[in-house]
Each structure stands twice: as C-alpha cells, then as structure tokens.
Amino acid sequence: MILCIFAPQNSKMPLTTNKFDINPVESSRINSVDFDNLVFGKTFSDHMLIMDYKNDEWQQGRIVPFGSITMHPATSVIHYGQSIFEGMKANKTIDGEVNLFRPEMNAKRFALSAKRMCMPALPENIFVDSIKALLDVDRNWVPNNEVSSLYIRPFMFATDPLVGIKPSSTYSFMIITSPVGAYYSHPVRVKIEESFTRAAVGGVGRAKAAGNYAAALYPSKLAQEEGFHQLLWTDAVEHKYIEESGTMNVVFQIDGKLVSPSEESDTILRGITKRSVLEIAKSWGVEVEERPVLISEIIAASNNGSLQDAFGVGTAATLTHIGEIGYRDQLFTLPEIKTRELSNKLKAYLNDLKLGKTEDTFAWCHRV
Ligand SMILES: *Cc1c(COP(=O)(O)O)cnc(C)c1O
C-alpha cells in the first residue's frame, strides 16, 4: 500500500499527502550504521512521526527528521507521568518486502492504555496508518538479515505546561524506530519475586504505562545483583501466583500442555506475542490452559520432572527460553534447550511468518 510519496533526496521542500506532511532529511545517516553490531534501542532511523492533540482533536501528523524535542519545564508528563507506549517490530521478508505483525492489536491496546491513563484515544486506523507511513519513508532501515528487525516505538505523553494535577488537555503522539539485533541470545535466569509488586488489582498493570517500568527498575536491579536477568512477578496479594516477567509474558509446558497465567485480572499485560503463540499451538492441536498458575505447582512440576519447558514471550525478546528459575534460596534448572521441541517449533514458525517464509494462514501480516 502506498501512503506517502517518496521524498527525493536532497530536497528541502516539505511534501504533503492527504494524511501526513513529510519533511525529509537532507541526507540519510544509514551508511554510518553498523548493522552487524546493533545495541538494542541505541540507533534510530532518519525520521520520526509527530502528531499533536489539542482543542479536543488530533492535528495533522508530520514526518520529520529524527531529533530532539524541547519541553517547557512544567510539562505535565515530567511531573505526573501521563505517558503510554507500544512496542512492535517490522521485518524484511525474503522477497524484500516490509512486514508488520498484527499492528491492529497494538492499536487496540494503545487505545486501552490511553483510556486507563485518562488520555485521548488515537483512532486505531490512524495508529496503523502512521506506522505504515513512517515505515514507507524509512523502509531502508528495516534490516535485511534474518535475526534483525526494525523496532517500532509509538508513544503518547501529556504536554500541558502546567504544574497542577489534572488530565492534560494537550498531548503528543510520536513514533520512533530503531534497527535492532536479537534481544537475548541465551536462555535467561529468572527470579520469582515475592516482596516487590509490579501490579495490583485495580491498578495500571494492564496498561503499557511508562511508570510501570520505572517502578520495576529497583527490584530488577536487586535481582540482577544476585545474577538473574529478569524477575518473575507474582500477585500483589499473596505472592502465590505467577504473573509475568519484565517485558514478557510467561508460558510453561507441563505434561505436554501449555499453561499460562490468565489475563482476566487487570494485573497482567495482554501480550500479542503470547496470544499468537497460544493460537498457533492450539491450531496444531496442543492443549492450552490459561488460568491462575501457582508457584508451588511449577516447583512441584520441576521436582517431579513434568516441567518440560518455560519461556517468555514478547515483541522485543520474541520467544526466550528460561534456563533457570530462582525461588527463595533454591535454583531450579530447566531441561536442555534442544529437548524443548514445541517451543523451538513455535519460535521458528513465528519467525518464518514474519519473514514471509511460510503461508500466513492466520492473516496476521501487513505488507507495507
Ligand atoms: C510489552 C509487554 C509484554 C509483551 O507484549 P507483546 O505485545 O507480546 O510485545 C509483556 N509484558 C509486559 C509488562 C509488557 O510491557
């Protein structure tokens, strides 16, 4: 789908289409990037998208050269944290096309996050069209190699220049993109957290709200000092049930079945990767259970040998195997990666879908 006119190089003239104003860079930075040695989230493509909200409506979106933004010191997001985001990836298919994976799901979740944080909803079609328009301009930034991708970060924040606690009346929606390599290249060691809490019933755990991640930094740092990569969060009331990991949902395989904490309580982020993986597994005839998962059940399954697998699922890390689980002062080691046939197959299938190597029978892929 063509949404934007390609900007001629070295032209300073802003081009206008129906949907977005495009102010292209004078010269691309792409040749200065070492695509073989990317640090996650450190390199950004040539352009970014900005769309402001004021007078109760979304304004014309602009695609402009990537760069800093200035802020009034009283800008409300800095003080009171009305800020939400999304994370998704674009891949280059084996036919050289740019592929987006289920962006309408991110659009829906973004709208839900906005509602919870008392921010204006961005119409879902505008969310998806904005991403496609930006990708169209920066399509050369989608890495060609199969393990890398272009990470897409849409976000929205409150911009009223006012120190006063109330919902802002103005906001900015922005999208930046960053070429990335693999997130974890090894199985992770996770710690079951029983003191600190990520989310409580009635809180904002289901929203991809910026403050959730700030609140998780300190407990995560303590776990890292003990040699863990990530936490496995538990419920805020009893610390008896497993919820999810830092930026990944979590799935276990016990006696052949896939078991994952249910998302009915509003303390777990509804992950698109997890939803997709479980849908694929079901279509293969695998039994899937989404229900509360007790820590004691996982420990017992590990002890009696029925715990075949544990893995995290999320856009940034895709499917990441858990190698070891720390619980109190014990360390439970999971089976060797090569024995984890189902999750290895799921990971490969998901990857093949994104790379256009297998037929998209679920109709999840959008070509840009
Ligand atoms: C983003 C995120 C996930 C993963 O969601 P995906 O849609 O699969 O990327 C899981 N948990 C938390 C807390 C997250 O922020």
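Above this text you will find the structure in question.
Residues numbered from 1 in each chain as written. Predicted model: local features only at pLDDT ≥ 70, side-chain atom pairs only at ≥ 80, totals over all residues. Heavy atoms only, no water.

Peer 1: What is the right way to look at the packing of helix 2 (residues 103-116) against helix 3 (residues 124-137) in this model?
Peer 2: Between two packed helices, what matters for the description is the angle formed by their axes and the separation of those axes. Helix 3 packs onto helix 2 with a crossing angle of 130° between their chain directions and a minimal axis gap of 9 Å. When the interaxial angle is binned, helix 2 and helix 3 end up oblique. For the crossing formed where helix 2 meets helix 3, the hand is right-handed. Between helix 2 and helix 3, the residues in contact are P103, E104, N106, A107, K108, F110 and A111 and E124, F127 and V128, respectively. Residue composition of the contact of helix 2 with helix 3, by class: 6 nonpolar, 1 polar and 3 charged. (Axes fitted to C-alpha atoms, helices over the stretch in contact; angles between N-to-C directions. Helix = DSSP H or I, 4+ residues; strand = E, 2+ residues; numbered from the N terminus. Parallel < 35°, antiparallel > 145°, perpendicular 65-115°, else oblique. Left-handed = near helix turned anticlockwise from the far one by under 90°. Contact = heavy atoms within 4.5 Å. Nonpolar A, V, L, I, M, F, W, Y, C, P; charged D, E, K, R; others polar.)

Peer 1: I would appreciate a short explanation of helix 5 (residues 272-283) in the present structure.
Peer 2: Three or four residues apart is the spacing at which side chains of an α-helix point the same way, because the helix has 3.6 residues per turn. Taking 1.5 Å as the rise per residue, helix 5 with 12 residues should run 16 Å; its terminal C-alpha atoms sit 16 Å apart, in good agreement. Burial within helix 5 is extensive, with 9 of its 12 residues counted as buried. Looking at helix 5, one finds that the buried residues are I272, T273, K274, R275, S276, V277, L278, I280 and A281. Among the residues trailing helix 5, G285 stands out with phi positive, at a value near 90°. (Expected span 1.5 Å × (residues − 1). Buried < 20%, exposed > 50% of the residue type's maximum accessible area, 1.4 Å probe, protein only.)

Peer 1: How should the environment of L258 be read in this particular structure?
Peer 2: Mapped onto the secondary structure, L258 falls in strand 15 (residues 257-260). Taking relative accessible area as the criterion, L258 reaches 0% and is therefore assigned buried. Residues L258 and E324 lie 66 residues apart in sequence; the distance between their C-alpha atoms is 18 Å. Other than its neighbours up to four places away in sequence, L258 contacts V251, F252, Q253, L278, A281, V286, E287, V288, E289, F311, L342 and L346.

Peer 1: Would you take a moment to explain unusual backbone geometry for this structure?
Peer 2: Among all residues except glycine, the phi angle is most often negative; among peptide bonds, the trans geometry is most common. Although it is not a glycine, R102 sits at a positive phi angle of roughly 45°. In this fold, R102 is placed in the loop between strand 8 (98-101) and helix 2. Residues other than glycine seldom take positive phi values, yet R328 does so here, at roughly 50°. Topologically, R328 is positioned in the loop between strand 19 (318-327) and strand 20 (330-333). Its relative accessible area of 63% is what places R328 among the exposed residues.

Peer 1: What am I meant to see in the nonpolar core here?
Peer 2: Grouped together as the largest cluster of nonpolar side chains are 51 residues, with contacts concentrated most on F127, L135, M156 and F173. Top element by residues in this core is helix 3. It accounts for 7 residues. Split by domain, this core shows at least three residues from each of two domains, domain 1 (21-180) and domain 2 (188-359). With residues up to four places along the chain from it excluded, the contact list for M156 reads W58, Q82, S83, I84, F110, A114, M119, P120, Y171, S172 and F173. (Core = buried A, V, L, I, M, F, W, Y, C linked by side-chain atoms within 4.5 Å. Domains from an automatic or database assignment.)

Peer 1: Even after reading the chapter, I still don't get the packing of aromatic side chains, so can you show me in this structure?
Peer 2: For any pair of aromatic rings, the description rests on two quantities: the centre-to-centre distance and the angle between the ring planes. All told, the structure shown has 15 aromatic pairs when counted by the stated rule. Each residue in the set Y53, W58, F110, F127, Y171 and F173 is aromatic and connected to the rest through ring pairs, giving one cluster. Here the guanidinium or amino end of K345 rests over the ring plane of W284, the centre of that ring lying 4.5 Å away. One Lys or Arg, K354, reaches over the ring of F101 and ends 5.1 Å from the middle of that ring. (Phe/Tyr/Trp six-rings, centres within 6.5 Å; stacked < 30°, edge-to-face > 60°. Lys NZ or Arg CZ within 6 Å of the ring centre and 35° of its normal.)

Peer 1: Please clarify how the side chain of E193 should be interpreted in this entry.
Peer 2: With respect to the secondary-structure elements, E193 resides in the loop between strand 11 (188-192) and helix 4 (210-225). Of the side chains with opposite charge, K191 lies nearest to the buried E193, which makes no salt bridge, at 4.0 Å. Polar side-chain contacts of E193 include one of 3.0 Å to the backbone nitrogen of F196. Apart from the residues lying within four places of it in its own chain, the contact partners of E193 are P219, L231, L232, W233, T234 and H239. (Lys, Arg positive; Asp, Glu negative; His and termini not counted. Salt bridge = Lys/Arg side-chain N within 4 Å of Asp/Glu carboxyl O. Polar contact = N/O pair within 3.5 Å; in protein donor to acceptor, adjacent residues only side chain to side chain.)

Peer 1: What is the right way to read the packing of helix 5 against helix 7 (residues 341-354) from this model?
Peer 2: Between helix 5 and helix 7, the least distance of the axes is 10 Å, while the angle of their chain directions is 110°. Viewed along their axes, helix 5 and helix 7 adopt a mutual orientation that is roughly perpendicular. Note on packing geometry: the crossing formed by helix 5 with helix 7 is right-handed. Of helix 7, the residues touching helix 5 (which contributes T273, S276, V277, I280 and A281) are L346, Y349 and L350. Looking at the contact of helix 5 with helix 7 residue by residue, the classes come out as 6 nonpolar, 2 polar and no charged.

Peer 1: Even after reading the chapter, I still don't get the pattern of salt bridges, so can you show me in this structure?
Peer 2: For side chains bearing opposite charge, pairing can occur when the charged atoms are close. One pass over the full model with this rule turns up 25 salt bridges. Its salt-bridge partner being R291, residue E289 comes within 2.7 Å of it at the nearest N-O pair. For R291, a relative accessible area of 24% gives the class partly exposed. Its salt-bridge partner being E336, residue K338 comes within 2.8 Å of it at the nearest N-O pair. Residues K338 and E336 agree in their burial class; the two are exposed.

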